[in-house]
Amino acid sequence: MTATSAATDGPESGSATVASRPIFGSLAAFGLTALLLISAMGAYSSDLQGSARLVLVTSVVAVLSPLFWPGRAATARSTAWRALGWSFAASTLAAVAILGVGGAQGLASACSTLLLICITTLGVAAWTESLLARRGLDSAAARNASAWLATAMLVITGAAPLWLGPAAELAAVERPRALAAVVAMSPLTHLAIAGGNDLLRNQWFYQHSNLSGLRFDYPRLMPVLAGYAAVSLALVGVPAMARSRRTRVSNSTSSKEQVP
Amino acid sequence: MIKKVLLASLAGLMLSSPATRAADTMDPALREKARRAVDGGLHYLRGQQQPDGSVLNSVGITALSLRAFLESHRGYNEGDGAFITKQVEYLLSKVNDDGSICESLQNRAYNTAVALNALAATKNPKYADVIAGGRKFLLGHQIDEAEGYKPDHRYYGGIGYGGDERPDMSNTYLALEGLKAAATDPKDPVWQRAMVFVSRSQNRSESNDQSWAGNDGGFVYMPGWNPPEFANGTNSYGGMTAAGLISLLFAGTDKNDPRVQAAYQWMTTNYTLDVNPGTDTKHGLFYFYNAYAKVMAAYGVDEFVDGKGQKRNWRNEFAAKLVSLQNPDGSWVNKESNKWWEDKPQLVTAWSVIALEQVLK
């Protein structure tokens, strides 16, 4: 599902104009799929409260984001910019989808959280893609595999309150904080607290999660955002900055060598 | 002659006091045991207070604990010291701009409602503004046209936990209790709207327009649905029937109203204190005890005949049951279910003390 021809673009190759077509194509497909899925999942139903709509829209966009992203670019710096741009586009898409039905309280907060979740997920995808490419996988296969892996990671951690809930309930007998830990590890929880939604007491979760009847505390939003920012920086920012620094050092050495 | 008038006045006063009414039908030895159990529970709760006055860092549990102290036979009030005033201060420190009283995103309506009860129980006019703010929050939280719901929607008139708009019978009852404590005008439309939701949660097809409604007169958690823990479809059960019946009474529904009669009939027919009636489980058992004691005290009938034709005195049996379940340290806890926080002795103790206080009224 990922775009296949964007990995080689970059300032060095001079092919930015050529690569922009598949990027915009992927973006259009991403937007269309997200909107269709959001509608199909009942985001515009009158039964759904504003905060739950925020969670639904942002979570759908977050899950689809790595599947459609065009993969890493030729340089770490370009990859960083691409991840930022793609995440920004994803957040804008979610905001537009919400604003289309009159907006909701907590929109800015939820979209900011979505932005950071997307950067982190795309950072994981780019890192995995690079790892797989180094292991000899061809670039298209590495891109597809990394996209699916990043998506799977997001879905598995997002659904942790459901599938880890029973284990957490057992563990809570001796470690009461196990419940809060399982709730806190889910990106879905993060989107919910950003959107002001009591996630586990929503109708669906109340029916399907064993945690809804137990005592747990949601994490506070600011430390969560700080955590995402730190991981994003480590996955996307640091490699880009390190590459730039190496390039500067290399250029500087070359110019010194040229001095007669 | 003067002596006769004085004696007659004294007798009249005694007969009209609620304590005397309870004493009339209650075994004096059990009453004494119940009082001691309350003392033990309050002693336990006092030991659970954090330096900031909170219990378990929870507005809800602190408010219930505070209410337990203020409504006890000991007649505690803010003049009795820091163990009361610190709890009040903790609640006041959690008042939010929107009027809600809550420490977190969770359970905002629930916490606000129980905090209103506790603050109202202080009878201190200083908190009138906070109570008014909380009342406004709860009124705004009711599902109605303001949220885009029409009266024919099954959610209409209900109130949920607070972080979402999914209403249920439990939160609706607690919110109505909070609104009543906050002296909400009986003519306020909130009561009528709430009655739409309450009626739709009752298994009584004559007054419930939902297709699933049965006819035993009991209540479910929310229209067409019960928590999966009970695995009982849309069958009525004790906790919610007590919540539904007391909601009807809070809204000023006459005791002769067929909805009230049907719910009371269900309560007496399915009477048991061993499980949550209508289920085979002990999930939500202490919630049931708390709501049951409140509704039976409010209904005002001490003796009835249960579904097996056995004559019952609920005050005696209820007091005996709770006294038997108290732990040596004065606490109560649900040892067989952790659902809905009943594994937290602080919460269950506060509920149990409040329930016993209803018995002793």
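Here's what I pulled together on the structure shown here. (Residues numbered from 1 in each chain as written. Chains lettered and ligands numbered in written order. Predicted model: local features only at pLDDT ≥ 70, side-chain atom pairs only at ≥ 80, totals over all residues. Heavy atoms only, no water.)

The next point concerns helix α5 (residues 82-93) of chain B. Residue and element names in this part refer to chain B. Along its twelve residues, α5 runs 15 Å from first to last C-alpha, staying within 8% of the 16 Å computed at 1.5 Å per residue. Among all positions in α5, only F83, I84, Q87, V88, Y90 and L91 are buried. Mapping the buried residues of α5 onto a view down its axis gives an arc of 155°, with all of them on the same face. Buried residues in α5 make contact with α3 (28-47), α4 (59-70) and α6 (108-121). (Helix = DSSP H or I, 4+ residues; strand = E, 2+ residues; numbered from the N terminus. Expected span 1.5 Å × (residues − 1). Buried < 20%, exposed > 50% of the residue type's maximum accessible area, 1.4 Å probe, protein only. Arc of directions from axis to C-beta. Contact = heavy atoms within 4.5 Å.)

Listed as buried for helix α8 (residues 177-184) of chain A are A178, L179, A180, V182 and V183 of chain A. On its buried face, α8 of chain A is in contact with α6 (160-163), α7 (165-171) and α9 (187-195) of chain A.

In this section: the environment of V295 of chain B. Residues and elements named next belong to chain B. Structurally, V295 can be placed in helix α12 (residues 285-299). The sequence separation of V295 and L249 amounts to 46 residues, and the corresponding C-alpha distance is 8.3 Å. Residue contacts for V295: discarding those within four places in its chain leaves A242, L245, I246, L249 and M267.

Residue and element names in this part refer to chain B. In contact at an axis separation of 10 Å, α3 and α4 are set at 140° when each is read in the N-to-C sense. Our classification of the angle between α3 and α4 gives oblique. Crossing angle aside, the handedness with which α3 passes α4 is left-handed. Where α3 abuts α4, its residues L42, L45 and R46 lie against S65, A68 and F69. (Axes fitted to C-alpha atoms, helices over the stretch in contact; angles between N-to-C directions. Parallel < 35°, antiparallel > 145°, perpendicular 65-115°, else oblique. Left-handed = near helix turned anticlockwise from the far one by under 90°.)

Right, let's talk about the packing of aromatic side chains for a bit. Across all of its chains, the model carries 26 aromatic pairs over all chains by this definition. Consider the rings of Y271 of chain B and Y292 of chain B, whose centres lie 6.2 Å apart with planes at 45°: the pair is tilted. Residue Y271 of chain B is found in the loop between α11 (258-269) and α12, and its partner Y292 of chain B is found in helix α12; the two are separated by 21 residues along the sequence. By relative accessible area, which is 10% here, Y271 of chain B ends up buried. Residue class for Y292 of chain B comes out buried when judged on its relative accessible area of 2%. Measuring from centroid to centroid gives 6.0 Å for Y292 of chain B and W314 of chain B, while their planes differ by 90°, and the two rings are edge-to-face. One end of the pair, Y292 of chain B, is in helix α12; the other, W314 of chain B, is in helix α13 (residues 314-325), with 22 residues separating them in the sequence. In this structure an aromatic cluster arises from ring pairing among Y271, F286, F288, Y289, Y292, F304, W314 and F318 of chain B. Lying over the aromatic face of F83 of chain B, R46 of chain B brings its terminal NZ or CZ to 3.8 Å of the ring centre. Its end group placed over the ring of Y206 of chain A, R166 of chain B keeps NZ or CZ at 4.3 Å from the ring centre. (Phe/Tyr/Trp six-rings, centres within 6.5 Å; stacked < 30°, edge-to-face > 60°. Lys NZ or Arg CZ within 6 Å of the ring centre and 35° of its normal.)

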